[in-house]
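Residues per chain are reported as follows:
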Amino acid sequence: MTQQVLIVGLGQFGMALARSLSSQGVDVLAVDAKEDLVQQAAGFAAEAACFNAMDEDALARAAPERRDICVCAIGDESREGAIVVTALLRKMGAQRVVARATDELLERILHLVGAHEVVNPERAFGERLATRMLYSGVLEEVPLGEDLVLTELRPPQAMLGRNLKELQLPTRVGVNVVAIRRVVEGRGTVELPEPDTVLQTDDILVVVSRSDAARQLVDWV
């Protein structure tokens, strides 16, 4: 069954989220009080509606209780709006409410009024960018709870031509390779690694580890 997502607030974050989800086949209802933004979203979203989401009756007509996920992407555009809309979504029985915050105070308030999850895209991007700047082999890093991270990285030169059994990454550095992205016959593939898998040039490792363990691979000699 196609997932249904309601996104309130079509600034840069909300618009990008709506576009990305729509491209992946999600049924998106995009909402904003600005007509020009709604018209832009109408070009790719399943539905687009122009109304003030702080109007309880108008928001109720969007049926948030029937959506798989409801996103309040208002953020800095209106702190009051972000708080009110998040609270209304929970009041209306939304199954999962994700709210955007741009500072710690707003993050705490959004949790208090019922958000199941609060995201700070600016902070998250800054942290990921810092990692990529300091560790050139690290392409992406995603937290998995408090002490685990999923990291995409390019294996250092010293690891190429060697197999995973020989490298003993779990024992030596506490890193588990869960997938390898590589190009085979001109096509990108994702492979599940075997002990005898030999690392090749242009491979991208997808690894799970604790905190900074994966970054040690960048300096592998």
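Residues numbered from 1 in each chain as written. Predicted model: local features only at pLDDT ≥ 70, side-chain atom pairs only at ≥ 80, totals over all residues. Heavy atoms only, no water.

## So, the environment of glutamine 4
- Position of glutamine 4 relative to the elements: it lies in strand 1 (residues 4–8).
- Filtering out sequence-adjacent residues up to four positions away, glutamine 4 remains in contact with Asp27, Arg66, Arg67, Asp68 and Ile69. (Helix = DSSP H or I, 4+ residues; strand = E, 2+ residues; numbered from the N terminus. Contact = heavy atoms within 4.5 Å.)

## Some thoughts on the sheet that holds strand 11 (residues 204–210)
- Read across the sheet, 5 strands follow the order 7-8-11-9-10 without closing on themselves; strand pairing throughout is antiparallel. Every other strand in the sheet has two partners, leaving strand 7 (138–144) and strand 10 (187–191) as the edge strands with one partner each. Neighbour-to-neighbour, the strand axes of the sheet open up by a mean angle of 20 degrees, direction not taken into account. (Pairing = 2+ DSSP bridges. Axes fitted to C-alpha atoms, helices over the stretch in contact; angles between N-to-C directions.)

## What to know about the pattern of salt bridges
- Overall, the coordinates contain 9 salt bridges when judged by the stated rule.
- The closest approach of N and O atoms between arginine 182 and aspartate 203, which form a salt bridge, is 2.5 Å. Of this pair, arginine 182 sits in strand 9 (residues 175–184) while aspartate 203 sits in the loop between strand 10 and strand 11, placing them 21 residues apart in sequence. Each member of the pair, arginine 182 together with aspartate 203, is buried.
- One network of salt bridges, in which partners are shared, links Arg182, Glu191 and Asp203. (Salt bridge = Lys/Arg side-chain N within 4 Å of Asp/Glu carboxyl O. Buried < 20%, exposed > 50% of the residue type's maximum accessible area, 1.4 Å probe, protein only.)

## Quick word on a nonpolar patch on the surface
- A cluster of nonpolar residues, Val142, Leu144 and Leu148, forms a patch on the protein surface that exposes about 210 Å² of accessible area.
- Mapped onto the elements, leucine 144 comes out in strand 7. (Patch = residues over 30% accessible without salt bridge, like charges linked within 9 Å, V, L, I, M, F, W, Y side chains within 5 Å. Areas by Shrake-Rupley, 256 points an atom, 1.4 Å probe, with all protein chains shown as cover.)

## As for the sheet that holds strand 1
- As summarised here, the arrangement of the 6 strands in space is 3-2-1-4-5-6, forming an open sheet in which the pairing is parallel. Looking at which strands have only one partner, the edges of the open sheet turn out to be strand 3 (47–50) and strand 6 (117–119). Neighbour to neighbour, the strand axes of the sheet diverge by 15 degrees on average, direction disregarded.
- In this sheet, strand 3 lies alongside strand 2 (residues 27–32) in parallel orientation, the contact comprising 4 bridges. What sits directly across from alanine 30, in strand 3, is alanine 48.
- Sheet strands touched by helix 4 (residues 79–91): strand 1, strand 4 (69–72) and strand 5 (97–100). Its angle to strand 4, the strand with the most contacts, is close to 165 degrees.

## With respect to the domain arrangement of the protein
- We note that the domain assignment places domain 1 (4–119) and domain 2 (137–219) within the protein.
- Centre-to-centre separation of domain 1 and domain 2, based on C-alpha positions: 36 Å. (Domains from an automatic or database assignment.)

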